[in-house]
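Structure at a glance
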Amino acid sequence: MNCLITGGAGFIGSHLAEELLGRGATVYAIDNLSTGSIANVEHLKAHPRFHYQVEDIFNEPVLAELIDRCDTIYHLAASVGVRLIVESPVRTIETNVAGTEIVLRHANKKKKKVVIASTSEVYGKSAQVPFREEDDLVLGPTKKGRWSYACSKAMDEFLALAYFKEKQLPVVIVRLFNTVGPRQTGRYGMVIPTFVKQGLLGHPITVFGDGKQSRCFAHVSDVVKGIADLGEHPRAVGEIFNLGNDEEVTIEELAGLVRTMTGGRSEIVYIPYSQAYEDGFEDMRRRVPDLSRVKGLIGYKPTQGVGEILESVIAYLKS
Ligand code: UDP
């Protein structure tokens, strides 16, 4: 099996590369290092079945050649992270919409399977938890920049499903819920690396809003197994899957856990959203996946809870 990972030097992409190599695949990774990092794949460089290219997916001749060589494309290259989205909306929208369009167009020429990494963000501020794949997407107004990310990813899903329906291109859509673990950076706003770094340094832990909003955090090692299983399963084609963990924790509880597990020196401070992001910023209160579909098809079961996740992130950031 030859696999291409776009965004292969990113946090999830690099873990997926390891997972696929472990399954005996030859892995080609392409990454423009905009948010990914060569350090994420440093340990894979010597692997005889790992090949990487520092290049943009917008370089179509390069992309076309890589697609030619591969059986399955895992399309992970995207602008992610709420901070990045609020601060660089043009980049987010262009990368996420046009990037996916290019990948699908070239994959379609050779009818290569494409696994699209989408996001739980597409459910928006829907209050109907847990979220099921067929639920309505509830997005806020276009004046609020945050929603451009959900919208760009929803567009990716529409386009992938359109290629499947109209051109019989095999596609699989995976909606990733909050995925965390070693190598994730807090630079683009992600909460767990941010809190752990604050806790280890004894700095204040910054809870945005009232801290009563909740998330479900999945360890990246569980998530990449799920992505690879879905990529290999014939009955996943043409479908959408939630993937993550369904153990819910409030951000306030998370801050408390991090504080204790990092030595208890940090105070917990509350920062209004308007100060953390921008005026009028809208957050979602609860985000919980219904995992029935992915459990039913591939027997997916997350193995690591929030305590184990925090331990692994603490160990990583300490090292
Ligand atoms: N958050 C926080 N403090 C931080 C970073 C994030 O309280 O320093 C909150 C954020 O407002 C959100 C949750 O943690 O409610 C998860 O944020 P993240 O950006 O990790 O993921 P999201 O689920 O928003 O995509």
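This text gives an overview of the structure that appears in the document. Just so we're clear, the structure is a prediction, and the values are computed from it rather than from any experiment.

We now examine empty space enclosed by the protein. For the structure on display, the rule yields one cavity of 30 Å³ or more. Space inside the largest cavity adds up to approximately 40 Å³. Residue lining of the largest cavity: Gly 8, Ala 9, Ala 29, Ile 30, Asp 31, Leu 33, Ile 38, Val 41, Tyr 52, Gln 53 and Val 54, and that is the complete set. When residues of the lining of the largest cavity are traced back to their parent elements, those giving at least two are strand S2 (26-31) and strand S3 (50-54). In terms of residue class, the lining of the largest cavity is made up of eight nonpolar, two polar and one charged.

Contact geometry of helix H2 (residues 60-69) with helix H4 (residues 89-110) gives a least axis separation of 10 Å together with a crossing angle of 45°. What the angle tells us is that H2 and H4 run oblique. Here the hand of the crossing between H2 and H4 comes out right-handed. Counting all contacts with H2, which are made through Glu 60, Leu 63, Ala 64, Ile 67 and Asp 68, the residues of H4 involved are Ile 102, Val 103, Arg 105, His 106, Ala 107 and Lys 110. Looking at the contact of H2 with H4, its residues break down into six nonpolar, one polar and four charged.

Moving on, we get to helix H5 (residues 147-167). With 21 residues, H5 extends 29 Å from end C-alpha to end C-alpha; this agrees with the ideal 30 Å at 1.5 Å per step. Among all positions in H5, only Trp 147, Ser 148, Tyr 149, Ala 150, Ser 152, Lys 153, Ala 154, Asp 156, Glu 157, Ala 160 and Tyr 163 are buried. In the core, the buried residues of H5 are packed alongside helix H3 (82-87), H4, strand S5 (113-119), strand S6 (171-176) and strand S11 (240-243).

What follows is about the pairing of strand S8 (residues 205-208). The side chains of a regular strand alternate between both faces of the sheet. Side chains Ile 205 and Val 207 of S8 all project onto a buried face; the interleaved residues Thr 206 and Phe 208 project onto the opposite face, where all are buried too. Strand direction decides the pairing type here: S8 and strand S13 (residues 268-271), joined by four bridges, are parallel. Along S13, the bridge assignment pairs Phe 208 with Ile 271.

Relative to the assigned elements, Ser 118 resides in strand S5. Excluding its chain neighbours within four sequence positions, the residues that come into contact with Ser 118 are Lys 153, Glu 157, Ile 173, Val 174, Arg 175 and Leu 176.

This part takes up the sheet that holds S5. One key point about sheets: their strands pair by backbone hydrogen bonds, in either a parallel or an antiparallel sense. The sheet built from seven strands is open, its strands ordered S3-S2-S1-S4-S5-S6-S11 with parallel pairing. With one partner strand each, in any of the chains shown, S3 and S11 form the two edges of the open sheet. With strand direction ignored, the average angle separating the axes of adjacent strands in the sheet is 20°. Direction of pairing for strand S4 (residues 72-75) relative to S5: parallel, over a ladder of four bridges. The residue of S5 that forms the bridge with Ile 73 is Val 114. Here helix H1 (residues 11-22) sits on the sheet in contact with strand S1 (2-6), S2, S3, S4 and S6, set at roughly 170° to S1.

Take a nonpolar patch on the surface next. A grouping of Ile 93, Val 97, Met 155 and Phe 158 is seen on the molecular surface, where their side chains present a nonpolar patch of about 370 Å² in accessible area. At the level of elements, H4 and H5 are the ones that each hand at least two residues to the nonpolar patch. Position of Phe 158 relative to the elements: it lies in helix H5. Residue class for Phe 158 comes out exposed when judged on its relative accessible area of 58%.

Definitions and limits used
- Residues numbered from 1 in each chain as written.
- Predicted model: local features only at pLDDT ≥ 70, side-chain atom pairs only at ≥ 80, totals over all residues.
- Heavy atoms only, no water.
- 1 Å grid on protein atoms, 1.4 Å probe; cavity = no way out; pocket = protein on both sides within 12 Å on 5 of 7 lines; lining within 4 Å.
- Points joined across faces, edges and corners; volume = space filled by probe spheres on them.
- Helix = DSSP H or I, 4+ residues; strand = E, 2+ residues; numbered from the N terminus.
- Nonpolar A, V, L, I, M, F, W, Y, C, P; charged D, E, K, R; others polar.
- Axes fitted to C-alpha atoms, helices over the stretch in contact; angles between N-to-C directions.
- Parallel < 35°, antiparallel > 145°, perpendicular 65-115°, else oblique.
- Left-handed = near helix turned anticlockwise from the far one by under 90°.
- Contact = heavy atoms within 4.5 Å.
- Expected span 1.5 Å × (residues − 1).
- Buried < 20%, exposed > 50% of the residue type's maximum accessible area, 1.4 Å probe, protein only.
- Pairing = 2+ DSSP bridges.
- Patch = residues over 30% accessible without salt bridge, like charges linked within 9 Å, V, L, I, M, F, W, Y side chains within 5 Å.
- Areas by Shrake-Rupley, 256 points an atom, 1.4 Å probe, with all protein chains shown as cover.
- Salt bridge = Lys/Arg side-chain N within 4 Å of Asp/Glu carboxyl O.

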